[in-house]
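Structural overview
Here is how the chains run, residue by residue.
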Protein chains: 2
Amino acid sequence: MRVGDRFWRESDERFSQWGLTDNHYNVLRILNGAGEPISQSEIGRRMLSSRANVTKLVDLLEERKFVKRLSCGDRRVNLVELTDEGAQWIADTLPAIVGAAQERMKPLTREEQKTLFALLGKLLNE
Amino acid sequence: MRVGDRFWRESDERFSQWGLTDNHYNVLRILNGAGEPISQSEIGRRMLSSRANVTKLVDLLEERKFVKRLSCGDRRVNLVELTDEGAQWIADTLPAIVGAAQERMKPLTREEQKTLFALLGKLLNE
DNA sequence: AGGAAATTGTCAACAAGGAAACAATCTCAA
DNA sequence: TTGAGATTGTTTCCTTGTTGACAATTTCCT
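Below is a summary of the structure that appears in this document. (Residues numbered from 1 in each chain as written. Chains lettered and ligands numbered in written order. Predicted model: local features only at pLDDT ≥ 70, side-chain atom pairs only at ≥ 80, totals over all residues.)

A short note on the protein's contact with DNA strand C
Put simply, the rule reads: All residues are tested the same way: a C-beta atom is placed from the backbone, and lying within 6 Å of a molecule or strand makes the residue near it. To qualify as a helix, a DSSP run of H or I must reach at least 4 residues; to qualify as a strand, a run of E must reach at least 2; elements of each kind are numbered from the N terminus. Lys, Arg, Asp and Glu make up the charged group, whereas Ala, Val, Leu, Ile, Met, Phe, Trp, Tyr, Cys and Pro make up the nonpolar group; the residues left over, Gly among them, are polar.
Near DNA strand C, the surroundings consist of 18 residues, among which A:Ser41, A:Ala52, A:Thr55, B:Ala52 and B:Arg75 are the closest. Among the elements of the structure, α3 (40-47) and α4 (51-63) of chain A together with α4 (51-63) of chain B are those that each provide at least two residues to the surface near DNA strand C. Considering each element in turn, the surface near DNA strand C owes the most residues, 3 residues, to α4(A). Its residues placed into classes, the surface near DNA strand C shows 3 nonpolar, 10 polar and 5 charged.

Shown next, in the form of structure tokens:
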């Protein structure tokens, strides 16, 4: 828990340089990974955040033009779509993000990293 | 980070039954571990929380009579002391807390748990 | 068909924590 | 001694996130 805490803090610090939260980045990463527009509640589900908060996250991202809300067949639903600008921003920043993560994991050998992820995976899927 | 997140959530849920935060418990645990009164800023340092927040945490714990503020030689400082009631509460609840933690770690063998803690330790001390 | 129940996004109210400003106090060098 | 600078606890304000209520919609059961 302490390790996760520290990593979240560092991550938050990193993203503050763009006026975003790591959770904003999370939304973009999920949209990028999905490869297609998905609903707000689906986003909330994937990132373990409340629907209410997803509303605010998407509000900001939409204001920044990183994201667009689409209507769809189900009139209750907002599909959220990554704009070209959003995709570009992800592409631009990803190397730095990945680099920082690798740097952070450097105290462990490649083999140890694998072991760690395997063990954590077991805990997560309980 | 995801594992830590989930554990924090569960922990918070557990303590809400007493109207406390896991951070309140953290304060008590630190005081219990210290075995002697320590200053608020020292508490903040040990739990990676701001002084401002320690003030609020101690406020509530004092109101609950789990903790007492003492004056000391340095008139800027509040030494915080665990009351008998606080110590008793810790003693009463500790078994359940430890039990829950053990239960949570059950997907891993004893050996795997040791490995995990060793690896996380390396990351923390970087 | 038609109505109960569930889902979705939003809003308001609230809780927890951080940052900056502040006064009181201490430390230490000149 | 004394005056600059550091430390400590507190207060105020801001940010982030959650909960609960709500209206609009959809789904499902009969």
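Here's the deal with the relation of the copies chain B and chain A
Worth spelling out the cut-off: The superposition of copies rests on a least-squares fit of C-alpha positions from residues with pLDDT of 70 or more in both. By the convention adopted here, residues are in contact when the distance between their C-beta atoms, placed from the backbone, does not exceed 7 Å.
Turning chain B through 180° and shifting it by 0.0 Å along the axis lays it on chain A, with an RMSD of 0.0 Å. Classification of the inter-copy transformation places it as that of a two-fold axis. Ranked by how close their C-alpha atoms come to the rotation axis, the residues of chain B are headed by B:Gly4, at 2.5 Å. In this assembly the copies share their binding face: 100% of the residues contributing to the interface of chain B also contribute to that of chain A.

Some words on the protein's contact with DNA strand D
As a matter of local geometry, DNA strand D sits amid 18 residues, with A:Ala52, A:Asn53, A:Arg75, B:Ser41 and B:Ala52 nearest to it. Broken down by element, the surface near DNA strand D gets its largest block of residues, 3 residues, from α4(B). Class assignment of the residues belonging to the surface near DNA strand D gives a composition of 3 nonpolar, 10 polar and 5 charged.

With respect to the sheet that holds strand β3 (residues 78-82) of chain B
Basically, it comes down to this: When DSSP locates at least two bridges between a pair of strands, those strands are taken to pair.
Strand order in this open sheet of 3 strands is β1-β3-β2 (chain B), and the pairing throughout is antiparallel. Of all the strands in the sheet, just β1 (38-39) and β2 (67-71) of chain B have a single pairing partner and so form its edges.

Examining unusual backbone geometry
In this structure, A:Lys65 is a non-glycine residue whose phi angle is positive, near 70°. In this structure, A:Lys65 sits in the loop between α4 and β2 (67-71).

Things to note about the environment of B:Val77
Residue and element names in this part refer to chain B. Along the chain, the position of Val-77 falls in the loop between β2 and β3. In this structure, the C-alpha to C-alpha distance between Val-77 and Ile-38, residues 39 residues apart in sequence, is 9.4 Å. Those residues in contact with Val-77, other than ones at most four positions away along the chain, are Ser-39 and Cys-72.

Structural notes on the interface of chain B and chain A
In this complex, chain B contributes 18 residues to the contact, which on the side of chain A involves 18 residues. Broken down by secondary-structure element, the contributors of at least two residues to the side of chain B that touches chain A are α1 (2-16) and α6 (110-125) of chain B. At 8 residues, the largest contribution of residues to the side of chain B that touches chain A is made by α6(B). Its residues assigned to classes, the side of chain B that touches chain A shows 11 nonpolar, 2 polar and 5 charged.

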